[in-house]
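Descriptive analysis of the structure
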2 protein chains.
Amino acid sequence: MFTLTQLQELISEKIKLLNFDKEPKGLYEPINYTLAAGGKRIRPIMVLAGCNLFSETVESAIPVALAFEIFHNFTLLHDDIMDNSPVRRNKKTVHVKWNSNTAILSGDAMMIEAYDLLSNLPPDLLGKTLKLFNRTALEVCEGQQYDMDFETKELVSEEDYLKMIKLKTSVLIAGALKAGAIVGGANDKDADLIYNFGLNIGLAFQIQDDLLDTYADTAVFGKKTGNDILTGKKTFLLINALQKAKPKMFEELKMLIKNKNITDDEKIHSIIKVYNILNIKEITKTKVREYHQKAIKYLENISCENKKKTELLNFASLIMQRKK
Amino acid sequence: MFTLTQLQELISEKIKLLNFDKEPKGLYEPINYTLAAGGKRIRPIMVLAGCNLFSETVESAIPVALAFEIFHNFTLLHDDIMDNSPVRRNKKTVHVKWNSNTAILSGDAMMIEAYDLLSNLPPDLLGKTLKLFNRTALEVCEGQQYDMDFETKELVSEEDYLKMIKLKTSVLIAGALKAGAIVGGANDKDADLIYNFGLNIGLAFQIQDDLLDTYADTAVFGKKTGNDILTGKKTFLLINALQKAKPKMFEELKMLIKNKNITDDEKIHSIIKVYNILNIKEITKTKVREYHQKAIKYLENISCENKKKTELLNFASLIMQRKK
């Protein structure tokens, strides 16, 4: 059995070996730049961990793990254009360092490179893995579309929000675990169980992320809290607060979000005050716990060694402390 | 054996059946809009024609044909953003009718849908077809990158130009024919021959297209000639003229291209005058003929019925009269 540290080292090493030193440089240099920028490599580790649940070797899952990582990074290139984000992992985003056209085209090439890594799977696994990958990839696009749609909506329901984060974030975690499991030889039942584990862990991640952005201990969190509040992001917290608030508080909260005549600190404190009255922190924590528990239930039903399950759960807890 | 008209009807019908009436509408409506806009469907017909050379039924090649068509249309969505093109097939381009973000994301979804169509191939064909598709797709991106690189270059060599159009246009024709041939049961030798036929026909197309834009009979051509001259596009004609011109004429031609103080008609006529002195029309026609002849040689060596080859050649001649 591999420990998660071992899987992490293995994937870092394999990513370093990826060679996009090809012509034309204008197309491939941004790919090297993106992949070298790091990140926690959560998705490829999930592929290898999913495989390791059912197989002692993870070698054959490496191309699949790399495919998920490259795909994830492709989405970042395109999302960063759409969201107009200037910085990613403390480095300039591709569309800023180069230009939007480069970020579009290099992103496209990354998606194709991801598929090319999959193409080496043995015939009996290729069709199944490809279908899962396609469905997952398409859902990620759908999630991004819903996320963009939300920007112009006055109110977003909790249900719609959960659907959006499921598509935008969770399915890729779930898909990574399931793809690994398929390569590792899991039966259909176990492959579906690990998928549902990933889906619920992914939802727990994302909601926890919303919670940390507002309520984390800055010393532990590593960056300033309150960013979501200042950008008016429709998070699990804000959506729930708007839903729970009585008419007067609802109007007060809406005014606060739009208010440009108060300092950042005043805005953060005033909105947190409303959240506290509405018990939003506890409601959010409960939701995170719910999804986490649900995930564990799915994991428990998988037919593999318990120590492997524990290792995977530890990993999940670790990244839940800070998702990005 | 299917006639090309039959294949054309078959593919039109199958494209109409593609159903992207899914949620979120913001993602899928632009896909329906794009696919409904028409076009000559050259690439999917090439897939079916490639299949039909080696098989009496083309049913199993239909998903592959649709994959090539959707992929081609995806490239148009992204290219139109990069080239800032407002109109395509007499309709507003997606990034104009909606916005750039929509054109990026719907384009991404189209690429995934293309791969999803491939995923239904039987296991013994999937890996081979997927690898060919990936290589082709990546080369198309490389071609687009070279094309963009050329915009900022003062001089482009004929060799570099041919490499660019090969990647941007020809490999997709070649890949479509070969993918169809693979599904139709061609052996490796014949699959490579049809690929090389497509590559050379594609090059002939593109150079012919450059020729028509300047020298076509407007009545037959269906639109005004001289557009490439007015936009200063680095075509086979201009590249050759700049290469062949003596220093004085070279400077004159460069001045003419940049000249903003003459009318459009004056510019077109002056540049054509230079082309005529340098014999550019004949040089270009000879190059088209060369590639066409080379293509025919490859086709002749394929082991299939002659009447099928004739049908394919007729199709090639037909679309060479007007590529787009």
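Residues numbered from 1 in each chain as written. Chains lettered and ligands numbered in written order. Predicted model: local features only at pLDDT ≥ 70, side-chain atom pairs only at ≥ 80, totals over all residues.

Re the overall build of chain A
When helices and strands are counted, chain A shows 16 helices and two strands. Here the C-alpha radius of gyration of chain A, 20 Å, is about what a compact globule of 324 residues would show, namely 20 Å. Structurally, chain A occupies a C-alpha span of about 60 × 50 × 35 Å along its principal axes. Here chain A holds 324 residues, and 47% of them are scored as buried. Partitioning the contacts of chain A with sequence separation of at least 6, the portion at a separation of at least 24 is 73%. (Helix = DSSP H or I, 4+ residues; strand = E, 2+ residues; numbered from the N terminus. Rg over C-alpha atoms; globule rule 2.2 N^0.38 Å. Buried ≥ 20, exposed ≤ 12 C-beta atoms within 10 Å, placed from the backbone. Contact = placed C-beta atoms within 7 Å.)

Focus: the interface of chain A and chain B
With 32 residues of chain A at the interface, the matching set in chain B holds 32 residues. Going through the elements one at a time, helix 2 (25-36), helix 4 (62-82), helix 6 (100-118) and helix 7 (123-151) of chain A are the ones with two or more residues in the side of chain A that touches chain B. Split by residue class, the side of chain A that touches chain B holds 18 nonpolar, eight polar and six charged. (Nonpolar A, V, L, I, M, F, W, Y, C, P; charged D, E, K, R; others polar.)

Some details on the relation of the copies chain A and chain B
Expressed as a screw transformation, the operator carrying chain A onto chain B has a rotation angle of 180° and an axial translation of 0.0 Å, and the superposed copies differ by an RMSD of 0.0 Å. Look at the turn and shift together and you get a two-fold axis relating the two. The position closest to the rotation axis in chain A is occupied by the C-alpha of Pro123 of chain A, lying 2.6 Å away. Both copies present the same face, since 100% of the interface residues in chain A are matched by interface residues at the equivalent positions in chain B. (Least-squares fit on C-alpha atoms with pLDDT ≥ 70 in both.)

Focus: the packing of helix 9 (residues 188-215) of chain A against helix 16 (residues 306-320) of chain A
Residue and element names in this part refer to chain A. The interhelical angle for the contact between helix 9 and helix 16, taken along N-to-C directions, is 20°, at an axis separation of 10 Å. If you check the angle between helix 9 and helix 16, you find them roughly parallel. Our pair here, helix 9 against helix 16, has a crossing hand that is right-handed. Note on element contacts: helix 16 touches helix 9 through Ala316, Ile319 and Met320, opposite Ile201, Ala204, Phe205 and Gln208. Tallied by class, residues from the contact of helix 9 with helix 16 come to six nonpolar, one polar and no charged. (Axes fitted to C-alpha atoms, helices over the stretch in contact; angles between N-to-C directions. Parallel < 35°, antiparallel > 145°, perpendicular 65-115°, else oblique. Left-handed = near helix turned anticlockwise from the far one by under 90°.)

Focus on the confidence of the model for chain A
Residue-level pLDDT values for chain A average 95, and 98% of them are 70 or greater. For this predicted complex, the interface confidence score (ipTM) comes to 0.96, while the overall pTM stands at 0.96. (pLDDT = per-residue confidence, 0-100.)

Quick word on helix 3 (residues 42-52) of chain B
Since the α-helix turns once every 3.6 residues, residues separated by three or four places project in the same direction. By the criterion of burial, helix 3 of chain B is predominantly enclosed, with 11 of the 11 residues buried. Those residues of helix 3 of chain B that fall on the buried side of the exposure criterion are Ile42, Arg43, Pro44, Ile45, Met46, Val47, Leu48, Ala49, Gly50, Cys51 and Asn52 of chain B.

Focus: the environment of Met148 of chain B
For Met148 of chain B, the position within the fold is in helix 7 (residues 123-151). Residue classification places Met148 of chain B among the buried residues on the basis of 20 C-beta atoms within 10 Å. In this structure the C-alpha to C-alpha distance between Met148 of chain B and Asp83 of chain B, which are 65 residues apart in sequence, comes to 8.5 Å. Excluding residues within four positions of it along the chain, Met148 of chain B makes contact with Asn101 of chain A together with Met82 of chain B.

Some points on helix 12 (residues 236-244) of chain A
All names here are of chain A. For helix 12, the tally of buried residues reaches seven of nine residues, placing the bulk of the element in the interior. For helix 12, the full list of buried residues reads Phe236, Leu237, Leu238, Ile239, Asn240, Ala241 and Leu242. In this fold, the buried residues of helix 12 make contact with helix 8 (158-183), helix 9, helix 13 (247-258), helix 14 (264-277) and helix 15 (280-300).

Thoughts on the environment of His269 of chain B
All names here are of chain B. Mapped onto the secondary structure, His269 falls in helix 14 (residues 264-277). Overall, the presence of 13 C-beta atoms within 10 Å leaves His269 in the partly exposed class. In this structure, the C-alpha to C-alpha distance between His269 and Ile229, residues 40 residues apart in sequence, is 9.7 Å.

Overview of unusual backbone geometry
A cis geometry characterises the amide bond from Glu23 of chain A onward to Pro24 of chain A, with omega recorded as -5°. Topologically, Pro24 of chain A is positioned in the loop between helix 1 (4-17) and helix 2. Unlike most non-glycine residues, Asn84 of chain B shows phi in positive territory, near 60°. Following the sequence through the fold, Asn84 of chain B ends up in the loop between helix 4 (62-82) and strand 1 (87-88).

Structural notes on the packing of helix 7 of chain A against helix 6 (residues 100-118) of chain B
Interaxial distance between helix 7 of chain A and helix 6 of chain B falls to 9 Å at its minimum, and their mutual angle equals 165°. As summarised for this structure, helix 7 of chain A and helix 6 of chain B are arranged roughly antiparallel, according to the angle between their axes. By crossing handedness, the relation of helix 7 of chain A to helix 6 of chain B is classed as left-handed. Of the residues in helix 6 of chain B, those touching helix 7 of chain A at Asn134, Ala137, Leu138, Cys141, Gln144, Gln145 and Met148 of chain A are Asn101, Leu105, Asp108, Ala109, Ile112, Tyr115 and Asp116 of chain B.

Some remarks on the environment of Leu105 of chain A
Along the chain, the position of Leu105 of chain A falls in helix 6. Judged by local crowding, Leu105 of chain A falls into the buried class, with 26 C-beta atoms found within 10 Å. A sequence separation of 17 residues divides Leu105 of chain A from Arg88 of chain A, and the C-alpha atoms of the two residues are 18 Å apart. Here Leu105 of chain A is in contact with Leu27 of chain A together with Met82, Cys141, Gln144 and Gln145 of chain B, once residues within four sequence places are set aside.

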